[in-house]
Amino acid sequence: MRLSSFMAGIDTTDFSASTHLLEVDLNIGATESTLSDILQSIQYENTNEDNPVEGERIVRFWLDDGDGTEFRGGEPCSAFYDMTVNVVGVNDDPEIEYLDGDEADYMENDSASFALLDDYEGPPALLTDVDSEDFDGGLLEVTIVDGLESDEDKLWIANYGEEEETGFSGDETAQGNIEFIDGSNVLFDGNVQIGENVTYDPDTGTLSIHLTELADTANVSELIQNIAYINTDSDDPTEGYRTM
């Protein structure tokens with residue numbers, strides 16, 4: 001609760017976080033009119049901007065008119081006036097850091113070669129979500145939005161330890177503890193299923209991964225790090241940029 005102490009009729013204001021009590025000490029300038037202004041200016045604020053506890057808060061008002069009637073430990077001068085503040089949370093969007101603007105090179109080779117989309121020269125992709133413990137029912141999609149060659153381009157998931165044939169010295173290895181099995185399911189750390197019903201639509205260039213209740217920011221970050229580009233034309237792939 002808060003209120004400016006610079007309003008007419010107010011000496012001091014004090015809010016106790018332990019008792020949740022806002023106390024407003026009045027002076028000789030406090031009239032019925034200024035008290036109305038003061039009451040209309042009292043505000044509720046929730047300091048948890050990411051994930052506040054939802055639900056009702058009952059706020060109680062009362063007034064000691066300063067005429068000598070006992071206050072605190074006795075009966076207050078006025079009756080109690082209760083009102084309700086209903087705290088409603090807002091779903092914050094997940095964010096992926098260290099991915100936007102990355103570039104990857106794919107060198108013509110056989111159909112088994114691939115290029116990881118997450119640039120291994122910089123920090124690995126990091127997923128954050130301030131108000132979700134898991135991504136049950138969520139969907140991770142990666143789409144080739146520009147330059148798509150539907151007959152040869154493909155997005156896929158690299159398995160842990162699988163080698164990326166970059167055509168350069170020091171070929172990279174797929175990161176994390178991600179396994180892509182049966183062409184449909186994603187496992188983390190050997191037995192934790194974080195993805196299912198994985199599909200790739202060549203007409204739109206979209207890889208879709210449906211997430212489970214066991215998917216969280218840590219293991220989905222590693223999943224994102226293992227998204228790969230494949231070109232199925234091992235002899236004469238169409239050169240140029242593909243934007244994901």
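Owing to the predicted nature of the structure, the values given are computational and were not obtained by experimental measurement.

### A closer look at the side chain of Asn219
- You can see Asn219 is positioned in helix H2 (residues 217–225).
- A polar side-chain atom of Asn219 sits 2.8 Å from the main-chain amide nitrogen of Asp216.

### Describing the pattern of salt bridges
- Evaluation of the coordinates by the stated rule reveals three salt bridges.
- We note a salt bridge from Arg60 to Asp82, for which the minimum N-O separation is 2.7 Å. You can see Arg60 sitting in strand S3 (residues 55–61) and its partner Asp82 sitting in strand S4 (residues 81–87), a full 22 residues away along the chain.
- Between Asp153 and Arg242 there is a salt bridge whose closest N-O contact spans 2.7 Å. Of this pair, Asp153 sits in strand S9 (residues 153–157) while Arg242 sits in the segment after strand S14 (227–231); the two residues are 89 residues apart in sequence, bridging distant segments of the chain. For the pair Asp153 and Arg242, one class covers both residues: buried.

### Here we look at the sheet that holds strand S6 (residues 115–116)
- An order of S6-S14-S9 is seen for the three strands of this open sheet, with the pairing classed as antiparallel. The open sheet terminates on both sides in strands that have one partner only, identified here as S6 and S9.
- In this structure, S9 lies alongside S14, joined through five bridges in antiparallel fashion. Along S14, the bridge assignment pairs Leu155 with Tyr229.

### Focus on H2
- Extensive coverage of H2 is indicated by the burial of seven of its nine residues.
- Among all positions of H2, only Asn219, Val220, Ser221, Glu222, Leu223, Ile224 and Gln225 are buried.
- Where H2 begins, the side chain of Asp216 points an oxygen toward the backbone nitrogen of Ala218, at a separation of 3.1 Å.

### Things to note about unusual backbone geometry
- Unusually for a residue other than glycine, Tyr98 sits at a positive phi of about 65°.
- With respect to the helices and strands, Tyr98 occurs in the loop between strand S5 (95–97) and S6.
- Its identity is not glycine, yet Asp182 carries a phi of approximately 60°, on the positive side.
- Tracing the backbone through its elements, the reader meets Asp182 in the loop between strand S10 (178–181) and strand S11 (185–188).

Cut-offs used in this document
Residues numbered from 1 in each chain as written. Predicted model: local features only at pLDDT ≥ 70, side-chain atom pairs only at ≥ 80, totals over all residues. Heavy atoms only, no water. Helix = DSSP H or I, 4+ residues; strand = E, 2+ residues; numbered from the N terminus. Polar contact = N/O pair within 3.5 Å; in protein donor to acceptor, adjacent residues only side chain to side chain. Salt bridge = Lys/Arg side-chain N within 4 Å of Asp/Glu carboxyl O. Buried < 20%, exposed > 50% of the residue type's maximum accessible area, 1.4 Å probe, protein only. Pairing = 2+ DSSP bridges.

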